[in-house]
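Fold and contact review
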Amino acid sequence: MRLTDSERAILDGGSGPAKQRAMALLVDYGRILDAECLIETTNVAGVPGQATPLLRHYFEAEGGQKAIFSRFDLDSDAVFDVPMAGVRTACLQSGVDPLGWQTLGKTEAAFVASRDAEAYASARGVEMLRTCTPYLAGNVPAFGEHCAWMESSAVIYCNSVLGARTNTEGRHSTSAAMLVGRIPYWGLHRPEARKASHHVRVEVPTASVFDWGMLGYFTGEVVGEAIPILDGAFAPPDITRIKHFGAAAASSGGIELYHLAGITPEAPSLDAALDKACVETLVYDAAARRRMHAALNANGSIEDVDFVMLGCPHAAIEQMREAAALLDGRRVAAKLWIFTSRAVRDQAEREGVVEAIHRAGGNVLTDTCSAIGNAVPPGTRVVALDSAKQAHYLPAMMGIEAWYGTTAECIDAAVTGRWRGVAP
Ligand code: F3S
């Protein structure tokens, strides 16, 4: 791989052992990918130094938090002091809400591990956003900016909606990129790799968040890991719709980048973003929508609902307000957990939205979600969800039934304890 003089100097140890190890890790990673060089990145989103009780116990004798970072994050044989982040770095979601860990059924040890890891990373300049939606919490990369992000729903948003460039990175590569500000130049960092190879023609009107979740689920299923471009029966989606679409597309498939013709920044027109080699047009029609609805409700049979989970990806402020409005004057019969980022929760708190949700008997939680935190209320048999992504993962992970519907149907289920969702 071609390295610049400054990269080679870091690799030779000129900037200390932590950066030397980070550079070596990235060079090995790049060689395996056949990357010709590294690219400067100015925006990293990962989980540097994040800890669980198991990790703490395992690395306790070697130095605790610094051993977690050097041995686990950077796969190093040696333990070294970890310097400040070299570039802007955000910490994504974790498994523990620092305020609501008891509600989630987490142990005190899990809370303490998470708290101490946060203090360690914060002291090294990491922004503790603790969300899968960093773009709703102040981290909005610029068009064309080279990023190193984890989290499939964030990656697809970063590439498709913002036009920034990232592959789906992992804990090791993001922790290394945080120190040296480099990432292998391959995949979606290369402009020639960002054209659509599949055309999805939307023939059934797609308007609500519920609709966009099903369209995303369809797109991921038919396209797999390729890059699609969509056009047809939809108006430009708002942030909630596009967030749910991307998360669903990255769940049923492995999509990291899509284009909406005439809407997303790299697709001024269908022809401009479509690869010349594309020969197939896939159609999303009423029958396909019915099929997606059935697939997302395949795990639902019991109409008594114990639990309603909203906020996957983490709820935007508009969704928090909507939930509070739907709950106005009502009281939940089932458990209701709404997950969001700390930033959105703060705003919702100032607007009285958190208080309104609490008044109705719901909970507002941050930093994690049921799937990532492996957390549902004790005794849950049936959950109602307005997220196709969560409906894809949660039933299998927790061994429970799930219904997929609109936010209003989910709030209705929370209030009545019954699923009364209507198929499209
Ligand atoms: Fe976020 Fe959890 Fe969904 S981390 S994208 S809310 S699976």
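Everything in this summary refers to the structure shown in the same document. (Residues numbered from 1 in each chain as written. Predicted model: local features only at pLDDT ≥ 70, side-chain atom pairs only at ≥ 80, totals over all residues. Heavy atoms only, no water.)

1. Details of the sheet that holds strand β12 (residues 363-366)
Taken together, the five strands give an open sheet; going across it, the order is β12-β11-β10-β13-β14, and neighbouring strands pair in parallel fashion. A strand with exactly one partner marks an edge of an open sheet, and here the two such strands are β12 and β14 (401-404). For this sheet, the mean angle separating the axes of adjacent strands, direction not counted, is 25°. Across three bridges, the pairing between strand β10 (residues 307-315) and strand β13 (residues 382-385) is parallel. By the bridge assignment for β13, V308 is matched with A384. This element, helix α16 (residues 388-398), spans β10, β13 and β14 of the sheet and lies at about 160° to β13. (Pairing = 2+ DSSP bridges. Helix = DSSP H or I, 4+ residues; strand = E, 2+ residues; numbered from the N terminus. Axes fitted to C-alpha atoms, helices over the stretch in contact; angles between N-to-C directions. Contact = heavy atoms within 4.5 Å.)

2. Thoughts on the site of the ligand
Residues in contact with the ligand, as listed here, are Q93, C132, E151, S153, G311, C312, P313, H314, C369, I372, K389 and Q390. Every element with two or more residues in the shell around the ligand is listed here: β10 and α16. Sorting elements by how many residues they give to the shell around the ligand places β10 first, with four residues. Classifying every residue of the shell around the ligand by side-chain character gives five nonpolar, five polar and two charged. (Near = heavy atom within 4 Å. Nonpolar A, V, L, I, M, F, W, Y, C, P; charged D, E, K, R; others polar.)

3. As for the sheet that holds strand β3 (residues 88-91)
The sheet built from three strands is open, its strands ordered β3-β2-β4 with parallel pairing. At either end of the open sheet lies a strand with only one pairing partner, and these are β3 and β4 (147-149). When strand polarity is set aside, the average angle formed by the axes of neighbouring strands in this sheet is 10°. Relative to β4, strand β2 (residues 43-46) is paired through three bridges, and the arrangement is parallel.

4. Some remarks on the packing of helix α2 (residues 17-33) against helix α7 (residues 171-180)
α7 packs onto α2 with a crossing angle of 130° between their chain directions and a minimal axis gap of 9 Å. The angle between the axes of α2 and α7 places the two elements in the oblique class. The crossing of α2 and α7 is left-handed. Facing α2, whose interface residues are A18, K19, A22, M23, L25, L26 and Y29, α7 presents H172, S173, A176, A177, L179 and V180. (Parallel < 35°, antiparallel > 145°, perpendicular 65-115°, else oblique. Left-handed = near helix turned anticlockwise from the far one by under 90°.)

5. Some details on the packing of aromatic side chains
Tallied over the full model, the rule gives 12 aromatic pairs. Ring geometry for F210 versus Y404: centroids 5.3 Å apart, planes at 25°, classification stacked. Of this pair, F210 sits in helix α8 (residues 209-223) while Y404 sits in strand β14; the two residues are 194 residues apart in sequence, bridging distant segments of the chain. Side by side, F210 and Y404 carry an identical accessibility label, which is buried. Put simply, the rings of W212, F234, F245 and Y258 pair up and form one aromatic cluster. Over the face of the ring belonging to Y120 we find R124, whose NZ or CZ atom lies 3.7 Å from the ring centre. (Phe/Tyr/Trp six-rings, centres within 6.5 Å; stacked < 30°, edge-to-face > 60°. Buried < 20%, exposed > 50% of the residue type's maximum accessible area, 1.4 Å probe, protein only. Lys NZ or Arg CZ within 6 Å of the ring centre and 35° of its normal.)

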